[in-house]
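Observations on chain architecture
Residue strings, one per chain:
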Amino acid sequence: MDNDRAEPGGAGGFIELDGVEKVFEVRRRTGFLKRERRRVRAVDGLSFTVARGEMVGYIGPNGAGKSTTIKMLTGILTPSGGRLRVAGIDPARERTRLAHRIGVVFGQRTTLWWDLPLIDSYRLMHRMYRIPDARYRENLDRCVELLQLEALLDVPVRQLSLGQRMRGDIAAALLHDPDVLYLDEPTIGLDVVSKAKVRGFLRELNAERGTTVLLTTHDLQDIEQLCSRVMVIDHGRLMYDGPLAGLHEAGESERTLVVDLERELPPIEAPEPARVVRVEGPRQWLAFPASASAAGLVAGIAARYPLVDLSVREPDIEAVIAKIYAERASA
Amino acid sequence: MVDAADAAEVTAGRVERGGRVAEGLRAYRLIVAMWIRSTMAYRTSFVLTTLGNFATTALDFVAILLMFSRVDALGGYALGEVAFLYGLTSVSFGLADLAIGSMDRLGRRVRDGTLDTLLVRPAPVLAQVAADRFGLRRLGRVTQGALVLGYALATVDIDWTPAKLLLMPVMLVSGAGIFGAVFVAAAAFQFVAQDASEVSNAFTYGGTTLLQYPPTVFARELVRGVTFVVPLAFVNWLPASHVLERPYPLDLPAWVAFAPPAVAVACCALAGLAWRAGLRSYRSTGS
Amino acid sequence: MGSGRLYAAVAAGGFRRYATYRAATAAGVFTNTVFGLILVYTYLALWDAKPQLGGYDQAQAVTYVWLGQALLAALAIGGGGFEDELMERIRTGDIAVDLYRPADLQLWWLAADLGRALFQVLGRGLVPFAFGAVFFPVALPREASAWAAFLVAVLLAAMVSFGLRYLVALSAFWLMDGTGVTQMAWLAGFFCSGMLLPLNVFPGALGEVVRALPWSSMLQAPADVLLGEADPLGTFVFQAGWALVLLAVGRLVQSAATRRVVVQGG
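On a predicted model such as this, the values are computed, not experimentally measured, just so you know.

Quick look at the interface of chain B and chain A
Residue-level contacts link 31 residues of chain B with 32 residues of chain A. Taken together, the two surfaces of chain B and chain A that pack against each other cover about 3,000 Å², and 57% of this comes from carbon and sulfur. At the junction of chain B with chain A, the criterion picks out three salt bridges. Linking E23 of chain B and R130 of chain A is a salt bridge whose minimum nitrogen-to-oxygen distance equals 2.5 Å. Counting the contacts that link chain B with chain A gives 17 residue pairs in polar contact (both at pLDDT 80 or more). Mapped by element, the contributors of at least two residues to the side of chain B that touches chain A are helix 2 (16-40), helix 6 (115-119) and helix 14 (260-285) of chain B. Element by element, the count of residues in the side of chain B that touches chain A is highest for helix 2 of chain B, at nine residues.

Here it is in structure tokens:
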């Protein structure tokens, strides 16, 4: 709870995984009574460290082992092998002690009390985590201000929109000053404005409090706007660990600019490195590297063509990962 | 600095056992209070469901009354005596049901993944699951049982002794403990078989239905089963035999009438172990 | 012709849906067997004290217990059929989607519920009944015609049961919280169907009244047909009459409810 305590983890990171494994035994029905047992390595020798105050995106396709990792980091699941420490604590052995140091937000499962005003859920956190009164007030005020919850505190949770509820959930996870915040798909299903609010808040939390943030997401923009570091996991193994830019290089992923012109025109002569990949009536699709700026491209086109509307489509994570694979296969 | 922290941890380890029980009770109280507030958000619904709960449990007694409209005794027991058994088990079961009756939803929580949200809280999971969906409406059952018990005490001519008087509250509390252990064990079983919540009904609701009738009605093997395997007979059959001065089922010695507290403690300990095993299996398999 | 196939497919879907819950079915079989065991001894004691009570002998009373356990889930006497889902759809407004489906709402749910009932008879009913027949003295007819008549009575019972629960479900159009109605329906079902105690054991006028109500079509009627205590044709007429009345009322209520949805815009 106290942020300036010496790190018990020592020289390593704040979150440390060393050869962590999780093996599940899956029983599958193969006939009326016949069953087949199969061992599935959901997490297969995972090693990484996260320093205090880092903001890390943890991504990978469904079933890659993301949520299994998060469940081991939060003490929900016991690893089958390897060494795992969060803030110097072995999560599986000291689940309740760890709980005081971590905050968890499960994207689609709210932990707020459905029929009660939002503030009641916070009062429960206050008492359940034994947060000192002054601390609780201060943290609540901060969250209320930054997440714009003031008008929502007395509204029963069931009446909140998805975005409001997500903000409410994030505040609930932070009242006890956790050192680490785990977010599972924090922007899923949210509208653009809510996404922006959530992201802005997380950036600020990380900058001001130095809270370590680990987030899983399918939205590459989350990562782009928040994380200096990305880890890609697939088949239980770390495929990539580094900055997002590097991931784009590794995957050579491309964004798409969709342009609606006033009328049908021949393919736009776009400035390098963009190129037209598809034309359909007055609408044209241009691909350009994810690392390049969209603004320059848009300005260049707008100067020479009659634009009605345009939008940028981000590459999705699956596409990026698929490209990494293709890359490796050909290398 | 580090040494001090270590020392604190050792101390924490020593007080852990007792501390965890206190911690659990505290978390239980906090969550129950939240559920009561939630219930009170829909007052009309609360009143209706409490009445419904009362009426539903009263139905069993109506069946008994209907039976006694055609006969004078069942298994050698008169209506008042059957009402005595009925009232005892209903109050005991009602208390356990009120306290932790929603534990049979555990399988659903495992299936939809919401159990995980409890595992990241700094409180024992058992306490959180026990308090889950706490329903004050279940007071309906307790009230109904208490009324029948009152009726029985008014009609049956009991030759009261200090021991019998003492046995009354002891019986009710121990009975609640035994049924509570059944609830916990049944929930632990759902870690293994998530869809099998109905099995617990056989032991909980089935158990209290069984105990509403005199032991003389049932086959000897069945009575043996609920005495030695799932010791429900200690809820009311055995202690009530002492109070009503009836022959003990299975020719058991007279002291068994006073065994319910010990049996309840043993049951709770076993249920606790079953729960720990279940939770451990969940945390290692994730399903 | 085409619509007949549609409803057959819906019924098959209802059957398959419940068939997938193997563990839940096994758990239900176990629980029904345990409750049957408890009840059968109380009935034995009752008929010991008063042989020929309600015109049944002891073997018939025992048969009645196991029949009740076998049909409890199928006829959804204690709830647990389609009604919870339909009520949820009404409350969330998803019902508006159902109304635009090119199928009749009532027939759709009836087909699905009959599919479910068929599975429950086979999956949850047979084993407890067989258990009872093996370990206790039961009175079962030898003639195939009696069994055929029994099956017809069970089918009609399922229709009556559906008709009642459909009305319960539709109440959600007018009531915010359906718990009270469901609970009342459960109580009435248990008490008046003969699940609590055979209706012929009920004393005097109470017995007369409950035997005339629709719920008696559900357990008492098929049981009396199987036990040879009632004329099958007369029973069928009684059951079919109630089924028609309930389904017709359901249809009226449905059209009133539909108007409401249209007016409110879903």
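Overview of the confidence of the model for chain C
The share of residues in chain C with pLDDT of 70 or more is 97%, and the mean pLDDT across the chain is 91. Here the prediction assigns the complex a pTM of 0.86, and the interface score ipTM is 0.89.

Quick notes on the interface of chain B and chain C
Accessible area lost during the coming together of the parts is what is often quoted as the interface size. With 34 residues of chain B at the contact, the number on the chain C side is 33 residues. At the boundary of chain B with chain C, total buried surface from both sides reaches about 2,800 Å², with 77% on carbon and sulfur atoms. Area buried by chain B at its contact with chain C is led by L59, L66 and R70 of chain B, which between them contribute 23% of it. Across the contact surface, chain B and chain C share one salt bridge. Note that E198 of chain B and R124 of chain C form a salt bridge whose closest N and O atoms lie 3.0 Å from each other. Summed over the shared surface of chain B and chain C, the number is four residue pairs in polar contact (both at pLDDT 80 or more). Elements represented by at least two residues in the side of chain B that touches chain C include exactly helix 3 (43-68), helix 10 (197-203) and helix 11 (205-211) of chain B. Looking at which element gives the most residues to the side of chain B that touches chain C, the answer is helix 3 of chain B, with 12 residues.

Some remarks on the pairing of strand 5 (residues 102-106) of chain A
All names here are of chain A. The buried count for strand 5 comes to five of five residues, which makes it a mostly enclosed element. Of the pairings in the sheet, the one linking strand 5 to strand 6 (residues 180-184) comprises five bridges and is parallel in character. Its bridge partner lying in strand 6, G103 is registered against L181.

Some words on the nonpolar core
Counting residues in each nonpolar core, the largest one holds 223 residues, and the members touching the most others are I15, Y122 and Y182 of chain A together with F84, L115 and W275 of chain B. Ranked by the residues each element gives to this core, the list is headed by helix 9 (residues 162-192) of chain B, at 13 residues. Not counting chain neighbours up to four residues away, the residues in contact with I15 of chain A comprise F48, T49, V50, L73, R85, V86, V180 and Y182 of chain A. Counting residues in each nonpolar core, the second largest holds 19 residues, with I95, L105, W109 and A257 of chain C among its members.

Here's the deal with a nonpolar patch on the surface
Residues and elements named next belong to chain C. On the surface, a cluster of nonpolar side chains totalling about 360 Å² of accessible area is made up of L118, L122, L126 and V127. Mapped onto the secondary structure, L118 falls in helix 6 (residues 105-135). What makes L118 partly exposed here is its relative accessible area of 48%.

Describing the UniProt feature "transmembrane region" (unreviewed entry) in chain B
Residue and element names in this part refer to chain B. In the UniProt entry, the feature "transmembrane region" (unreviewed entry) is given for residues 46-68, 74-100, 142-160, 166-189, 222-240 and 252-275. Counted over residues 74-100, helix gives 81% and strand 0%. Its end C-alpha atoms are 33 Å apart. For residues 142-160, helix accounts for 74% and strand for 0%, while the C-alpha atoms at its two ends are 24 Å apart.

So, how was this worked out
Residues numbered from 1 in each chain as written. Chains lettered and ligands numbered in written order. Predicted model: local features only at pLDDT ≥ 70, side-chain atom pairs only at ≥ 80, totals over all residues. Heavy atoms only, no water. Contact = heavy atoms within 4.5 Å. Buried area = accessible area lost by both parts, 1.4 Å probe. Salt bridge = Lys/Arg side-chain N within 4 Å of Asp/Glu carboxyl O. Polar contact = N/O pair within 3.5 Å; in protein donor to acceptor, adjacent residues only side chain to side chain. Helix = DSSP H or I, 4+ residues; strand = E, 2+ residues; numbered from the N terminus. pLDDT = per-residue confidence, 0-100. Buried < 20%, exposed > 50% of the residue type's maximum accessible area, 1.4 Å probe, protein only. Pairing = 2+ DSSP bridges. Core = buried A, V, L, I, M, F, W, Y, C linked by side-chain atoms within 4.5 Å. Patch = residues over 30% accessible without salt bridge, like charges linked within 9 Å, V, L, I, M, F, W, Y side chains within 5 Å. Areas by Shrake-Rupley, 256 points an atom, 1.4 Å probe, with all protein chains shown as cover. UniProt positions renumbered as here; feature names shortened; annotations may be inferred.

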